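Structural overview for review
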Amino acid sequence: MINVLKPGLLSSIQDLGRTGYQKYGVISSGSMDPFSHRMANLLAGNDENDPVLEITMMGPVLTFEEDILISICGGDLSPSINGQPVRTWRSLFVKKGSELKFGRCRKGCRAYLAAAGGFAVPEVMNSKSTYLRAGIGGYKGRALKSGDLLETGKPSLQSLKITEYLSKQILNRPFVENDWGIASELIPDTAAEIRITRGRQFDLFSEESQVQLFKHAFEVTSQSDRMGYRLNGPSLSLSEHAEQISEAVNFGSIQVPPDGNPIVLLADRQTTGGYPKIGQVAAVDLPLLAQAKPGDSLSFAEISNEEAQQLLINREIKLKELKQGIFLKTRGGN
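Rules used in this analysis
- Residues numbered from 1 in each chain as written.
- Predicted model: local features only at pLDDT ≥ 70, side-chain atom pairs only at ≥ 80, totals over all residues.
- Heavy atoms only, no water.
- Helix = DSSP H or I, 4+ residues; strand = E, 2+ residues; numbered from the N terminus.
- Rg over C-alpha atoms; globule rule 2.2 N^0.38 Å.
- Buried < 20%, exposed > 50% of the residue type's maximum accessible area, 1.4 Å probe, protein only.
- Contact = heavy atoms within 4.5 Å.
- Areas by Shrake-Rupley, 256 points an atom, 1.4 Å probe, with all protein chains shown as cover.
- Core = buried A, V, L, I, M, F, W, Y, C linked by side-chain atoms within 4.5 Å.
- Axes fitted to C-alpha atoms, helices over the stretch in contact; angles between N-to-C directions.
- Parallel < 35°, antiparallel > 145°, perpendicular 65-115°, else oblique.
- Left-handed = near helix turned anticlockwise from the far one by under 90°.
- Nonpolar A, V, L, I, M, F, W, Y, C, P; charged D, E, K, R; others polar.
- Pairing = 2+ DSSP bridges.

**Describing the overall build of the protein chain**
Each helix and strand in the protein chain was counted, giving five helices and 21 strands. Here the C-alpha radius of gyration of the protein chain, 21 Å, is about what a compact globule of 334 residues would show, namely 20 Å. The buried share of the protein chain, reckoned over its 334 residues, is 52%. Long-range pairs, those at least 24 residues apart, make up 75% of the contacts in the protein chain with a sequence separation of at least 6. For the protein chain, the exposed surface amounts to about 15,300 Å²; the carbon and sulfur share of it is 50%.

So this is what it looks like as structure tokens:
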């Protein structure tokens, strides 16, 4: 059991998304940074899709009502337990009664807290993600509030193995960190440049707009949320007016409304959109996009569909190797 003393700016339960229901108008939701979500679960001994706590900008204050195995990945929001700084991207065994706080947002803007066994919340349409606007999924269909009590599920054998190893080292401390974590070269770095492929309507934009998209930076505005980032920068326009038929949109689709300021669609995006799409963020760079916050500057670099696919394949190969490495570490292998 985890007690929420303070909820933070926006803390919600998310898994990797509610798939298969967009045809009924139900959005996907899910974690904004799926890579950090998956890593946090692996370090807690969970399945990659298990629900985690997505923490935005200003984190919550939590107390643990029992001994627990957790991990924190994603942006660096200065976590500490009983006043002692905590390192991210590794497994943590925490003693009952300890208090977890988050401080200054030093890097990125979203952190992911996984607990052994995942968070025990009801499944709605095959997902435990919170759909905030509809008020379904997650913890009572909403962001956390002070006084909430979060229950965790049954830990896996992997979680129990990690817990057994760390519990022998804790002594009189409130928590103990694993002596190994995710290698730094595997952790996406916050970057101003986001790789994109051409959108379906790219050729309908003026030549000047096509050049401006890749030549100039865009600022993430304060009118941004989990649904999409509104960007300020060079105005983008079609070469001539053309009626657009609404069609499916993806995580990372870059739409351009009539005002010429692009919108990058994110986890809580609508199911269809009628604005022309000038670009599509490569799946491998979605974690970089998710860690951008208002005021940050983004630049776009063009790659081909083939390059985007190969980058994603390469990352998944590395993740498969990482999973095997974690398995061997926790089972005492070499």
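**Focus on the environment of arginine 173**
Structurally, arginine 173 is set in the loop between helix 2 (157-167) and strand 12 (175-181). On the accessibility criterion, arginine 173 (40% relative accessible area) is partly exposed. Put simply, arginine 173 and lysine 101 are 72 residues apart on the chain and 17 Å apart in space, counted from C-alpha to C-alpha.

**Let's talk about the nonpolar core**
Among soluble globular proteins, nonpolar side chains are generally buried collectively. Judged by nonpolar contacts, the single largest core of 42 residues is most densely connected at Met39, Tyr229, Val264 and Phe300. Other than its neighbours up to four places away in sequence, phenylalanine 300 contacts Ile194, Ile196, Leu213, Phe214, Phe218, Leu231, Ile254 and Val264. Grouped together as the second largest cluster of nonpolar side chains are 26 residues, Leu53, Leu62, Ile81 and Leu100 included.

**Observations concerning the packing of helix 1 (residues 34-43) against helix 5 (residues 305-330)**
In the contact formed by helix 1 and helix 5, the axes pass within 11 Å of each other and the chain directions differ by 15°. It follows that helix 1 is roughly parallel to helix 5 by the angle criterion. Crossing handedness for the pair helix 1 and helix 5: right-handed. Contacts from Phe35, Arg38, Met39, Leu42 and Leu43 of helix 1 reach helix 5 at Arg315, Glu316, Leu319, Leu322, Lys323 and Ile326. Per-class residue counts for the contact of helix 1 with helix 5 are seven nonpolar, no polar and four charged.

**So, the sheet that holds strand 8 (residues 90-94)**
Strand order in the open sheet formed by six strands is 2-3-10-5-8-12, and the pairing between neighbours is antiparallel. Among the strands making up the open sheet, the edge pair consists of strand 2 (10-14) and strand 12. The mean angle between the axes of side-by-side strands here comes to 25°, regardless of whether they run parallel or antiparallel. Pairing analysis gives five bridges linking strand 2 to strand 3 (residues 52-56), with the strands arranged antiparallel. Counterpart to glutamine 14 in the pairing with strand 3 is valine 52.

**Section: the environment of threonine 88**
One can find threonine 88 in the loop between strand 7 (84-85) and strand 8. Sequence separation between threonine 88 and aspartate 76 is twelve residues, and the spatial gap between their C-alpha atoms is 7.6 Å. Excluding residues within four positions of it along the chain, threonine 88 makes contact with Ile72 and Pro79.

**A look at the pairing of strand 15 (residues 228-232)**
Direction of pairing for strand 14 (residues 218-220) relative to strand 15: antiparallel, over a ladder of two bridges. Bridging across to strand 15, valine 220 finds its partner in leucine 231. Across three bridges, strand 15 lies against strand 18 (residues 263-265) in antiparallel orientation. Paired with arginine 230 across the two strands is isoleucine 263, which belongs to strand 18.

**Thoughts on the side chain of serine 129**
Its location among the elements puts serine 129 in the loop between strand 10 (107-115) and strand 11 (149-150). When near neighbours in sequence (up to four residues on either side) are disregarded, serine 129 contacts Ile13, Gln14, Asp15, Leu16, Gly17, Arg18, Ser29, Gly30, Ile136, Gly137 and Gly138.

**Considerations on the pairing of strand 13 (residues 193-198)**
Looking along a regular strand, one sees side chains alternate from face to face of the sheet. Relative to strand 21 (residues 297-302), strand 13 runs parallel, the two sharing four bridges. Looking at strand 21, one finds that arginine 195 is bridged to alanine 301. Both strand 13 and strand 20 (residues 277-281) contribute to a ladder of three bridges, which runs antiparallel. Bridge assignment links threonine 197 to a residue of strand 20, and that residue is glutamine 280.

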